[in-house]
Amino acid sequence: MDVEKVFHMTGGIGSTSYAKNSSLQKKGSDRVKHIIIETVKELYQASTPESLGIADLGCSCGPNTLSTIRDIFEAIQNTSQEIHRPASELRFYLNDLPTNDFNSIFRALPDFLRSLWHDTERGSSPSIFMGAYPGSFYGRLFPNNSLHFVHSSYSLHWLSRVPPELYDEEGKSINKGCISICESSPEEAARAYYKQFGEDFWKFLRSRSEEVVVGGRMVLIFLGRRGAEHVDRGNSFFWEILSRSFAVLVSKMLDKEIENPDWEGNECSGHP
Ligand SMILES: C[S@@+](CC[C@H](N)C(=O)[O-])C[C@H]1O[C@@H](n2cnc3c(N)ncnc32)[C@H](O)[C@@H]1O
């Protein structure tokens, strides 16, 4: 599967949309909000550039994207008042994979900006310029030295591909019955995921090293494991539910195939 071409959260604002199902990510991000605000303040006090480039990598669509923008906007606004300087202009670059529902974000912008201006003193507010930058954050996205602050939340644990070492010489999975590192996974499966993460993260850092100015900062929030144990149940609960749902889907497809050998499975195509 070409992850870059097909992967996306469910768009829109319906009941199954990411916008309506992202409170878990919001909770995680809220726990480190003070770090985001402190980092932006420190950065701004240290250099006070006229124009600040800020990127949200893997922004998706929904309230979390705009909530981070609000936090950063307020941090700059408050700091500029504290140091008695006019606020710098803010350039927000919203990045996600190309099939992300960027339109939902753009549609929400007029109301969002109105609420931002409403809550702040006009005149002392930073000007905001916003744009979408579709593409994979495992490669270059922005011009050299254009970013002062990079934020990424709940996105960097998405790998660029299924680790090739998960398959044996005959192309069969060594991680039988699992779609993640589960209790029955062999250690080689954990090593395969670890290696892929290492390669991806290195590409991420190398790309950002060209794009971020000297003295720029990053706050990266992503899932990890508490211990060295290759099977760590901390975050595996959701993956197990997903894994079982896939197994049920596949068995239903197999039943249909047995009932009707000519059936081509079109009813089950598309995103789960
Ligand atoms: C769970 S969402 C997190 C969205 C948002 N940051 C939040 O905290 O709610 C993960 C996002 O990362 C994006 N993503 C995954 N791999 C990516 C890549 N290589 N480049 C850019 N975005 C990626 C996905 O498309 C998805 O929208």
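Residues numbered from 1 in each chain as written. Predicted model: local features only at pLDDT ≥ 70, side-chain atom pairs only at ≥ 80, totals over all residues. Heavy atoms only, no water.

Counting its regular elements, the protein contains seven helices and five strands. Moving toward the C terminus, one meets the helices and strands of the protein in the order α-α-α-β-α-β-α-β-β-α-β-α. Looking at the 272 residues of the protein, the share that counts as buried comes to 40%. Within the protein, contacts between residues separated by at least 24 positions form 78% of all contacts whose residues are at least 6 apart in sequence. Of the accessible surface of the protein, which amounts to about 16000 Å², a share of 55% is contributed by carbon and sulfur atoms. (Helix = DSSP H or I, 4+ residues; strand = E, 2+ residues; numbered from the N terminus. Buried < 20%, exposed > 50% of the residue type's maximum accessible area, 1.4 Å probe, protein only. Contact = heavy atoms within 4.5 Å. Areas by Shrake-Rupley, 256 points an atom, 1.4 Å probe, with all protein chains shown as cover.)

Moving on: the packing of helix α3 (residues 33–47) against helix α4 (residues 63–82). In the contact formed by α3 and α4, the axes pass within 9 Å of each other and the chain directions differ by 45°. Here α3 is positioned oblique relative to α4, judged by the angle of their axes. You can see that α3 and α4 cross each other, and the crossing is right-handed. Here K33, I36, I37, V40, K41, Y44 and Q45 of α3 lie close against α4, whose contacting residues are D71, I72, A75, I76, T79, S80 and E82. Tallied by class, the residues present in the contact of α3 with α4 amount to seven nonpolar, three polar and four charged. (Axes fitted to C-alpha atoms, helices over the stretch in contact; angles between N-to-C directions. Parallel < 35°, antiparallel > 145°, perpendicular 65-115°, else oblique. Left-handed = near helix turned anticlockwise from the far one by under 90°. Nonpolar A, V, L, I, M, F, W, Y, C, P; charged D, E, K, R; others polar.)

What follows deals with the pairing of strand β2 (residues 89–96). When you tally the buried positions in β2, you get seven out of eight residues, the bulk of the element. Pairing between strand β1 (residues 51–57) and β2: seven bridges, direction parallel. Within β2, the position partnered with I54 by the bridge is F92. Read as a crossover between parallel neighbours, the route from β1 over α4 to β2 is right-handed. Pairing of β2 with strand β3 (residues 128–134) involves seven bridges; the strand directions are parallel. Opposite R91, over in β3, you have F129 as the bridge partner. (Pairing = 2+ DSSP bridges. Right-handed = clockwise from strand over helix to strand, strands pointing away.)

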